[in-house]
Every structure is written in structure tokens, then in C-alpha cells.
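Structural overview
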Amino acid sequence: MRGPAQRPGHSATTAHAQALYPFLAEGGLGAPGAYIGRDAYGGAWLYDPWVLYERKLLPGPNMLVLGQIGNGKSAFVKTYLHRQAVFGRQAWVLDPKGEYGPLARAFGVEPIALAPGGEVRLNPLSPRGGREAQLSLLRSVAGAALRRELTPEEDAGLWAALDRVSAEREGGEPTLPMVVEALLAPRAEMVAEVSAQSPESFAEANRSSALALQRLCEGDLRGMFDGPTTPGLDLDAPLVVLDLSAVLDSAALGVLMTCAAAWQQAILLERKRAAESAGRPGAKVISVVEEGWRVTSHIGVAEWLQQNFKLCRALGVQNVIVVHRLSDFGASGAAGSREARIAEGLIADADTKVIYAQSPDQLASLRAQLGTSATETELVPTLRTGEALWLVGRRSFLVQHRRSAREREITDTDARMLDHAGARR
């Protein structure tokens, strides 16, 4: 395997080099936080987005992590969650590849494994987040299932169906099959609410969205999001992992990530309201989305993630999106499309960017989309394993991530892949 490019030495005149005496260097970010590793000057490097925000050293908590396979990006994210737990931070992870099991078990919990026809169901229409959140999440799920924006008739049909189902349940928990039934066989009251001419015209206008949602209830994706949430799930654990590896190769993975994310948001919104009612601060949560390009390629979940980014300070949530390279966001849609604009907004709203080694063909994107300087851009292809360029607000740092022996055991994805490959041979 070809190693990173050689990093050129720095040259300077004696007139400039004399400024190094007495070898003073910046002391990191100037705030306490979780230990990450060592910076280029050899000092301990700490990071905590909430402390930095409180001290007005960082505009917002959201983070974007970039890195080619094998350069340490996944190891960093996992140890970051592991260390932030010491400070009482809870983490929620959307894990499409099933890589967070060892970390979850280090916390004494098991991932919530979702599979068609499996034993675990999550209800994306849980009323726990409130009526407005419930409708917003239904729109996101429907948009993701359709892979396009909703028409005005479809949007009105969804809220009419949700209203009718909620009223009939008398405060109970509506589910996707109930909404599908209401869309395909509308009641007279629903038709009147949206000023449709007849039940037949209402059903025809909402047929596409109903059939798209029906796949989650009766098709190949049934058994994951088509009923009340399975009781007994440990949602207060320091780490909650939603394992979607059973459907990794499914073309509908983005839809399923939308449903899982919707369910997660309902839980977090409920907790926020409960904390406010009790007059206490809400818990700080780190929400990690692996394979982020799969998310932004679906308009429904892209809009959900955009909303989460905008509400991060109010919710006390740090959103972390993990991708291999900026060009992954090209899967979000054609240039100028709403999906592409949302992806660009997510990049801009991530006030912390952690960049592991990138290939030379990505450097132009770094300059254009992240605004890296010429020096920072030239540095990126030379980064060694575990080494990253951190862009925190308007400042940049070269940081070498460090792991303990125990952390290596629970974060070394490459070693586990090699073990599995050896077992197959």
C-alpha cells in the first residue's frame, strides 16, 4: 500500500527563525475537554464543543470527520465517544456497517440490531417528541421513501391521516401501517380537512406516498418500523447504537436510516421537554451518523439532519457526520439540487472539521468547500495514520490521535476485518 506523501521540511530565514526563541507555542484551544492526543508542538490536545461554545471560542458544536479508509477516522470517533462518557455525555450512533459492537459492549450494552422480520421494532411516529415533531418526522420518512420532495397534496394528506389516526387512538401510539391505511382508504373527515373533491381523488393524490410507506409495513422492509417500539430497550445507556448492518446492501438503507433517525429525535425531544419541566439542564448528547453520504442522498433525512444542525444548541446535541471524502456528498444530488444545497449547508454548519489523509484529487474541494489555506491543503496528503488537521472555528491544528491498549482492542476495525478474512480462508 502506498504511504502518505513526503512532508516537506520548513525553511525560513534567520530573521524569522529567531522568533521561535524561547520556543513558545499556542496551548491548544484554551479550554478543558476530552483528551484527543498531542498537537504538533507536543502538548496535550483537549476538545469539548460545549465548553468551547460556552466560552465563545466556537460558534457551534457540530462536527464533520473526513478520512480515507485505514487512516484512523473511525478509531478517533469511537475513542472520542468513549472518553466523553467520562464527562456524562451520552452518544447515539447510526451504524450501517455494524462496527460499534465492541465499543457498545465496553459500555456493558448491546447494539439495537434492526433486521427485516427481526425481534426489534422502533416506531418513528412515537408521540414522545410532540405533535409537531411527529408530523415533521412522518414527512421525513415519506420523503425518504419517495426519494423526492412531497407534493402539496401529499403533505396535506399526511397531516390529515396522522390527525385522524391519532384521534382514533385517543392518545395512543400511531404507527406507519395505520397511516398507510388512512391514506389508501380515507375517511370523509380527512377529505373535508384538505378540501379534496372526494375520497377517491384524495386516495389518488396520496397513492404514491402511501405505497412508498407501505413497503416499510408489508414489503421486504417489514418488521423494523411498522409497530410500537419494542419495550425494554436501554435508552439511558451511555452509548445507544442502532445497528443497520443487516440491510447494508439494501437500496433502501437511506430510508431505514431516516426511520431510525426519526425515532431517535423523538426520544431526545421528549427528554429535553422533561428536563425543562423539571427546571434542570438537559443531558448533552453526541449524535453520530456514519456513512453520512447515504443520509444526504435522501431528501427526507437530509432535511431532518439539516434541522438537527440548526437546532443543535437548543437541543444540546453535537451532530457528527463521518464520510470518506467531500466528493461523497456528490451522491446527494445534481449540482444546484435541493439535496446538494443541503449537503453544502451541513458542511458549512460544521464548525469543527477533522480531516484525515485525503488523496491529491480531493485538494481542490478542500480549498473550495472548507476554505483551507494553501499550507493546510498541502499538508493533508502527507498526514500519517492517526494524524489529522483540525479546523476549529477559524483556527487550525495538527493533532496526532492517541489510543490506549484497551481502546485499540475496541476500535481497531481493520484488525477485525483481517481476522474475519482469515477465518474465511
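Structure shown above.
Bear in mind the structure is a predicted one, so any value in this text is a computation, not a measurement. (Residues numbered from 1 in each chain as written. Predicted model: local features only at pLDDT ≥ 70, side-chain atom pairs only at ≥ 80, totals over all residues. Heavy atoms only, no water.)

Read across the sheet, eleven strands follow the order E2-E1-E11-E10-E9-E3-E8-E7-E4-E6-E5 without closing on themselves; strand pairing throughout is mixed. Edge positions in the sheet fall to strand E2 (44-47) and strand E5 (112-113), since each has one partner strand and no second. Two strands pair when backbone bridges link them, and strand E1 (residues 34-39) and strand E11 (residues 395-401) are joined in this way by three bridges, in the antiparallel orientation. The residue bridging Arg38 from the neighbouring strand is Gln400, located in E11. Together, strand E4 (90-95), E5, strand E6 (239-243), strand E7 (285-289) and strand E8 (317-323) form the strand contacts of helix H11 (residues 253-277), whose direction differs from that of E4 by roughly 165°. (Pairing = 2+ DSSP bridges. Helix = DSSP H or I, 4+ residues; strand = E, 2+ residues; numbered from the N terminus. Contact = heavy atoms within 4.5 Å. Axes fitted to C-alpha atoms, helices over the stretch in contact; angles between N-to-C directions.)

The terminal C-alpha atoms of helix H3 (residues 73-84) lie 17 Å apart, and with twelve residues this matches the ideal 16 Å at 1.5 Å per residue to within 8%. With eleven of twelve residues buried, H3 is to be regarded as a mostly interior element. Among all positions in H3, only Lys73, Ser74, Ala75, Phe76, Val77, Lys78, Thr79, Tyr80, Leu81, Arg83 and Gln84 are buried. (Expected span 1.5 Å × (residues − 1). Buried < 20%, exposed > 50% of the residue type's maximum accessible area, 1.4 Å probe, protein only.)

Moving on, we come to the packing of aromatic side chains. All told, the structure shown has eight aromatic pairs when counted by the stated rule. Seen from their ring centres, Trp45 and Trp390 are 4.7 Å apart, and the 55° between their planes marks the pair as tilted. One end of the pair, Trp45, is in strand E2; the other, Trp390, is in strand E10 (residues 387-392), with 345 residues separating them in the sequence. What links up through ring pairs into an aromatic cluster is the set Trp45, Tyr47, Phe76, Tyr80, Tyr356, Trp390 and Phe397. (Phe/Tyr/Trp six-rings, centres within 6.5 Å; stacked < 30°, edge-to-face > 60°.)

Evaluated as defined, the whole model comprises twelve salt bridges. Residues Arg83 and Glu407 are paired through a salt bridge, measuring 2.7 Å at the closest nitrogen-oxygen approach. One end of the pair, Arg83, is in helix H3; the other, Glu407, is in helix H18 (residues 405-411), and 324 residues separate them in sequence. On the basis of relative accessibility, which here comes to 12%, the residue Arg83 falls in the buried class. Assessed through its relative accessible area of 6%, Glu407 is described here as buried. Across the salt bridge formed by Glu99 and Lys97, the nearest N and O atoms sit 3.7 Å from each other. Residue class for Lys97 comes out partly exposed when judged on its relative accessible area of 32%. A network of salt bridges, in which partner residues are shared, links Lys78, Lys97 and Glu99. (Salt bridge = Lys/Arg side-chain N within 4 Å of Asp/Glu carboxyl O.)

Of note, Cys259 is situated in helix H11. The exposure class assigned to Cys259 is buried, which follows from its relative accessible area of 0%. Remark: the alpha-carbon pair of Cys259 and Leu137, spanning 122 residues in sequence, is separated by 8.1 Å. In this structure, Cys259 is in contact with Pro124, Val141, Leu216 and Phe225, ignoring residues within four places of it in sequence.

This brings us to the pairing of strand E9 (residues 352-355). Side chains Thr352 and Val354 project from E9 onto one buried face, and the interleaved Lys353 and Ile355 project onto a second face that is buried too. Note: E9 against E10, four bridges, orientation antiparallel. Note on E10: the bridge partner recorded for Lys353 is Leu391.

Right, let's get into the nonpolar core. In this structure, Leu64, Leu213, Leu216 and Phe225 are the most contacted members of the largest nonpolar core, which totals 82 residues. Considering every element that reaches this core, the biggest residue donor is H11, with 13 residues. Residues within four places of Leu64 in sequence aside, it is in contact with Ile321, Val323, Leu326, Phe329, Ile347, Ala350, Thr352, Lys353 and Val354. In this structure, Leu29, Val65, Phe76 and Val322 belong to the second largest nonpolar core, which totals 37 residues. (Core = buried A, V, L, I, M, F, W, Y, C linked by side-chain atoms within 4.5 Å.)

Let us look at the packing of helix H7 (residues 176-184) against helix H10 (residues 207-218). Viewed as axis vectors pointing N to C, H7 and H10 meet at an angle of 150°, and their least axial separation amounts to 9 Å. Taken together, the axes of H7 and H10 lie roughly antiparallel to each other. In this structure, H7 meets H10 at a crossing whose hand is left-handed. Residue-level inspection shows Leu176, Pro177, Val180, Leu183 and Leu184 of H7 in contact with H10, the latter providing Ser209, Ala210, Leu213, Gln214, Leu216 and Cys217. Of the residues in the contact of H7 with H10, the class split is nine nonpolar, two polar and no charged. (Parallel < 35°, antiparallel > 145°, perpendicular 65-115°, else oblique. Left-handed = near helix turned anticlockwise from the far one by under 90°. Nonpolar A, V, L, I, M, F, W, Y, C, P; charged D, E, K, R; others polar.)

Pairing analysis gives four bridges linking E1 to E2, with the strands arranged antiparallel. In the strand pairing of E2, Arg38 is matched with Ala44. Counted along the chain from E1 to the antiparallel partner E2, the turn is four residues long, and its residue Gly42 has a positive phi close to 95°.

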